[in-house]
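Here are the chains, one letter per residue:
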Amino acid sequence: MAIRFDGRVAIVTGAGNGLGRAHALGLASRGAKVVVNDFGGARDGTGGSLSPAETVVEEIRKAGGTAMADGADVSNFEQVTAMVERATKEWGSVDLLCANAGILRDKSFAKMEVADFAKVMDVHLTGTCYCCKAVWAGMRERNYGRIVVTTSSSGLFGNFGQANYGAAKAGMVGLMNVLAEEGRKNNIRVNTISPTAATRMTEELLPPQALALMKPEAITPAVEFLLSEDAPTRTIMGAGAGSFAVIKIIETEGINLPQSEWTPDAIAAHFAEIDDVSKAKALQGAFEQTQKYVAQAAARAGLVPAIHVFGAARKSDVDARDKPGLDDCLCDDNSVHSRHVFAFTTCRRHRRRPRRPDGRRDRSGGGSSRDRRRANAKRRAQTVDGRPRRLEPHAQ
């Protein structure tokens, strides 16, 4: 079945030229109502005009689509909020967001002014945050949302002369990681596109032969997929010149060193083993790293069988039957609560004792003082003449 966006409302920022224009035209051609946002400034962010956005809107309307132009500066939260409110008032919702707006102020770090660093961060990273924040409440309320933010190989892999741009684009991945987890229970899926295309932002960086192969329209299919109803979440997709790939951040298996070897010399001696990627994998959350490190340390210490630490993780990623200390701790919001849950302690949210590895309940302790007071009161509440004996309240 073809991917369509009929009945959906999309905002595409930086849509007056290049990639944003291609994304706006593509979404409109598949049925979406599109807010074509563009501040209309120069490549370095100076100036401003609504004309580029209005031109794209006219293209969409001539092709039979529905669109409106908006000149909000994404680095101004009040203007972004007003844009979202306007779209919601006109069309009832904002279901899709493609945060694409950006500027360039390239210089080597030695020559870069602090103001140029801050401005690029404001437009790319802070501007993307503002756009996500402005649509977030509505998406949560409707239990539906698709967001694509834009990173770059300059941030993921590095590029000379783009410290400001690279830092901002690397920050997109961190924003995606957290929003994808927070949005999961409300069917909000957040992904990242890493495009390589011929635009006014790259025309001076690439030779003409390469630019001819790198049409902005070659990126849009990936964005449309990541905005679709059946899109994944927390995925970084690279795209350019008709090539598509998934980019992952991986961590090697690493090693655990005894305390006697907690020295830089020992790390240098073992670095080849630490750097071995043969067992590397992409972690699914921050606490998965903690879990791994603690498990390695527990194994070295001979603890039984190991201490498992869990943070926010999907039910599909966690089999409670195989995890000591996690039994009966899966929450109604389809995640494991973010407090650390150690084996052989009481789950603080559910106030239930976990199971030992042999399947029996651990009776060795744990639980809050309030739980113990309640349990003791219940045991002491004997009936007298058919009435429950009144107990004095415990001191708080």
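Residues numbered from 1 in each chain as written. Predicted model: local features only at pLDDT ≥ 70, side-chain atom pairs only at ≥ 80, totals over all residues. Heavy atoms only, no water.

(A) Focus on the overall build of the protein. Within the protein one finds 12 helices and 10 strands. Across the 396 residues that make up the protein, the buried fraction comes to 41%. Nonlocal contacts in the protein, meaning residues at least 24 apart in sequence, comprise 61% of its contacts between residues at least 6 apart. When the accessible area of the protein is evaluated, it comes to approximately 21500 Å², of which 52% is carbon and sulfur surface. (Helix = DSSP H or I, 4+ residues; strand = E, 2+ residues; numbered from the N terminus. Buried < 20%, exposed > 50% of the residue type's maximum accessible area, 1.4 Å probe, protein only. Contact = heavy atoms within 4.5 Å. Areas by Shrake-Rupley, 256 points an atom, 1.4 Å probe, with all protein chains shown as cover.)

(B) Just the environment of Asp-116, in detail. With respect to the helices, strands and loops of the structure, Asp-116 is situated in helix 4 (residues 114-142). Sequence separation between Asp-116 and Asp-106 is 10 residues; the distance between their C-alpha atoms is 8.5 Å. Those residues in contact with Asp-116, other than ones at most four positions away along the chain, are Arg-105 and Asn-164.

(C) Quick look at the packing of aromatic side chains. The full count for this structure, using the stated rule, is one aromatic pair. Here the aromatic rings of Phe-77 and Tyr-130 are separated by 5.2 Å at their centres, their planes lie at 50°, and the arrangement is tilted. Highlighted residues: Phe-77 in helix 3 (residues 77-91) and Tyr-130 in helix 4, separated in sequence by 53 residues. Residue class for Phe-77 comes out partly exposed when judged on its relative accessible area of 29%. One residue, Arg-8, lies across the ring of Tyr-144, its end atom 3.7 Å from the ring centre. (Phe/Tyr/Trp six-rings, centres within 6.5 Å; stacked < 30°, edge-to-face > 60°. Lys NZ or Arg CZ within 6 Å of the ring centre and 35° of its normal.)

(D) Layout of the pattern of salt bridges. Per the counting criterion, the structure on display carries 10 salt bridges. Residue Arg-8 is joined to Asp-95 by a salt bridge in which the shortest nitrogen-to-oxygen separation is 3.9 Å. Of this pair, Arg-8 sits in the segment before strand 1 (9-13) while Asp-95 sits in the loop between helix 3 and strand 4 (96-99), and the two are 87 residues apart along the sequence. Here Arg-8 falls in the partly exposed class, since its relative accessible area comes to 23%. In this structure, Arg-30 engages Glu-224 in a salt bridge whose closest nitrogen and oxygen atoms are separated by 3.5 Å. Of this pair, Arg-30 sits in the loop between helix 1 (18-29) and strand 2 (33-37) while Glu-224 sits in helix 8 (residues 220-226), and the two are 194 residues apart along the sequence. (Salt bridge = Lys/Arg side-chain N within 4 Å of Asp/Glu carboxyl O.)

(E) Layout of the sheet that holds strand 4. Taken in spatial order, the eight strands make up an open sheet running 3-2-1-4-5-6-7-8, and their pairing is mixed. Each edge of the open sheet is held by one strand with a lone partner, namely strand 3 (66-70) and strand 8 (243-247). Averaged over all pairs of adjacent strands, the angle between their axes in this sheet comes to 20°, without regard to strand direction. Relative to strand 4, strand 1 is paired through three bridges, and the arrangement is parallel. Directly across from Val-12, in strand 4, lies its bridge partner Cys-98. Each of strand 1, strand 2, strand 4 and strand 6 (188-195) touches helix 1; the most contacted strand, strand 1, lies at about 170° to it. Those strands touched by helix 2 (residues 51-62) are strand 2 and strand 3, and its axis lies near 175° from that of strand 3. (Pairing = 2+ DSSP bridges. Axes fitted to C-alpha atoms, helices over the stretch in contact; angles between N-to-C directions.)

(F) Main features of the nonpolar core. Core analysis: the largest hydrophobic core is formed by 38 residues, its most contacted members being Ile-147 and Val-190. Taken together, the elements giving at least two residues each to this core come down to strand 1, helix 3, strand 4, helix 4, strand 5 (145-150), helix 6 (163-183) and strand 6. No other element matches helix 4, which puts eight residues into this core. Setting aside anything within four residues of it in sequence, one finds Val-190 in contact with Trp-136, Ile-147, Met-176, Leu-179, Ala-180, Thr-233, Arg-234 and Thr-235. Core analysis: the next-biggest nonpolar cluster, separate from the first, contains 30 residues, Ala-32, Ala-53, Leu-226 and Leu-227 among them. (Core = buried A, V, L, I, M, F, W, Y, C linked by side-chain atoms within 4.5 Å.)

Note that all results are geometric; they support no functional claim without further evidence.
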